[in-house]
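Chain and residue survey
As a plain string of letters, each chain reads:
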Amino acid sequence: MTLTEKILAKAAGRSTVSPGENIWVNADLLMTHDVCGPGTIGVFKKEFGADAKVWDKEKIVLIPDHYIFTADARANRNVDILRDFAKEQQIKYFYDITDLSNFKANPDYKGVCHVALAQEGHTRPGEVLFGTDSHTCNAGAFGEFATGIGNTDAAFVMGTGKLLLKVPATMKFTFDGELPPYLLAKDLILHVIGDIGVAGANYRALEIDGEAIAKMTMEERMTLCNMAIEAGGKNGVIAPDQTTFDYVKARTDKPFQPLYADPDAQHYYVKHYDVSKLEPVVAKPHSPDNRALVSECKDVKCDRVYIGSCTGGKITDFINAAKLLKGHQVKVPTYLVPATQKVYEDLFAHKIDGMTLSEIFLQAGCIEPAAPSCAACLGGPQDTFGRLNEPEVCVSTTNRNFPGRMGNKQAQIYLASPYTAAASALTGHITDPREFLA
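Residues numbered from 1 in each chain as written. Predicted model: local features only at pLDDT ≥ 70, side-chain atom pairs only at ≥ 80, totals over all residues. Heavy atoms only, no water.

With that out of the way, let us pick up the environment of Pro-263. Residue placement: Pro-263 occurs in the loop between α9 (242–249) and β11 (269–274). When the C-alpha positions of Pro-263 and Met-1 are compared, they lie 8.5 Å apart, and in sequence the two are 262 residues distant. (Helix = DSSP H or I, 4+ residues; strand = E, 2+ residues; numbered from the N terminus.)

Two side chains that carry opposite charge are able to pair once their charged atoms sit near each other. Within the structure shown, the criterion is met by 20 salt bridges. Ionic pairing is found between Asp-432 and Arg-434, a salt bridge with its closest N-O pair at 2.8 Å. Residues joined by salt bridges that share partners form a network here, namely Asp-80, Arg-83 and Asp-96. (Salt bridge = Lys/Arg side-chain N within 4 Å of Asp/Glu carboxyl O.)

Time to look at the environment of Leu-188. Assignment of secondary structure puts Leu-188 in helix α6 (residues 185–196). As for Leu-188 and Leu-224, which are separated by 36 residues in sequence, their C-alpha atoms are 7.5 Å apart. Among all residues touching Leu-188, those that are not within four sequence positions of it are Phe-175, Leu-179, Met-216, Leu-224, Val-275 and Leu-278. (Contact = heavy atoms within 4.5 Å.)

In spatial order, the strands read β10-β9-β8-β11; together these 4 strands make up an open sheet with parallel pairing. The outermost strands of the open sheet, each flanked by one partner alone, are β10 (235–237) and β11. Shown here is a sheet whose adjacent strand axes are inclined to one another by a mean of 20°, direction ignored. Bridge analysis of strand β9 (residues 204–209) against β10 gives 3 bridges, and the strand direction is parallel. Following the sheet pairing, Ala-205 is matched in β10 by Asn-235. Along the sheet, helix α1 (residues 3–12) makes contact with β8 (169–176), β9 and β10, crossing β10 at roughly 105°. (Pairing = 2+ DSSP bridges. Axes fitted to C-alpha atoms, helices over the stretch in contact; angles between N-to-C directions.)

With that out of the way, let us pick up the pairing of strand β14 (residues 304–308). With respect to burial, β14 is a largely interior element, 5 of its 5 residues being buried. When β14 meets strand β18 (residues 393–396), the two strands line up parallel, connected through 3 bridges. Counted as the bridge partner of Val-305 is Val-395 from β18. (Buried < 20%, exposed > 50% of the residue type's maximum accessible area, 1.4 Å probe, protein only.)

In space, the 5 strands of this open sheet follow the order β4-β3-β2-β5-β6, with parallel pairing throughout. Of all strands in the sheet, those bounded by a partner on one side alone are β4 (93–94) and β6 (145–148).

Given a rise of 1.5 Å per residue, 12 residues ought to cover 16 Å, and the 17 Å separating the end C-alpha atoms of α6 matches this to within 8%. α6 sits mainly inside the fold: 10 of its 12 residues count as buried. Positive phi appears at Gly-197, one or two residues downstream of α6, with a value of about 90°. (Expected span 1.5 Å × (residues − 1).)

As a further point, take the nonpolar core. Counting 51 residues, the largest nonpolar core has Phe-142, Phe-173, Phe-175, Val-192, Leu-224 and Tyr-306 as the members making the most contacts within it. Here this core takes 7 residues from α6, the largest share from any one element. Excluding its chain neighbours within four sequence positions, the residues that come into contact with Leu-224 are Ala-185, Leu-188, Ile-189, Ile-208, Ile-213, Met-216 and Ile-238. Within the second largest apolar cluster, 38 residues are counted, among which are Leu-184, Val-294, Ile-319 and Val-332. (Core = buried A, V, L, I, M, F, W, Y, C linked by side-chain atoms within 4.5 Å.)

It is worth stressing that arrangement in space is one thing and function is another; only the former is reported here.
Structure (structure tokens):
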């Protein structure tokens, strides 16, 4: 069996499973946030009863993160609904926010769900995580089965702790060779999506391995699995190793059981990459599979740069951006949105050559780092930080560039790595990071 099949077989209490089989799977964790939480709660109450109790109050995580720092009354009401439900059900893991004027005054508030789940020790090898967000596949980086589900499915998990799933066939992507210093995980996953298309992995598992992956940090691995959904994938997964164990054990003492693919596992599709031969890429408007080499887009002027989101707002992403920006001046407005409160704090603690990341960004002329949230990645209400309210061109470390995704439907979004985004901020046009990396 492949890694995905191994995890699902264990969660179904079976010795083997095969692609295409429909099986009942026990969930280890259910995550929902302020956008889908109210709908999930509504279905749960309708189907299980107004006084029903959730299946396990310690296996549900409620994270407000999408539309937080806004005056929009409906957005604020969504968080109120989560709060009322958490209190009623005595949910252990509710990362609340009450003071919107000063996010630091909210000790429980975390920020973007996918990064917060990892930082709080909720992502563990061998487990099954369901979340009401398509980028839940982010957690596959920890060697678990993690996938996004709809409100109805989530309500069913909320009440029963299980879900009927079809076992996905596995597509394997192996990255070998020495990763060049100008490439990041974002470049690798954009290469994959460019090769197979946004529907290329529909209802398939993307298993990612290779010597280049073995040397990656957990955060870079998260970037790879995060965008499995942009290829249509059901989930993305990377086998756990010492890097995984060190990260997880530093954040939770809960036991876990790592699983691994059999050496003779059958794959639906196999592709090998020699990373030493790859170049920096962007995804041009209006699709993540509209790949082009950065060097082919140098005539494209940009109006702004955006560094943030579950894909590109982790501390590693900001460190990489700061490497290029240090000692230079940006030519376009450059928005910085840390994924979580922890990432925000790290911007003021992590140093490069004696300067904090925050000092590097501010000296380079970037806009002051914003409060942690999904912010403009999903557009949001009109007053959302960094939202594209005009038809501008934006180079972004986010995950999607569909029309209207970041606000204005005429806006042009180029998806890029933190290196390429930072290089483009310095020139005002799409720029190969090799121009600034010594």
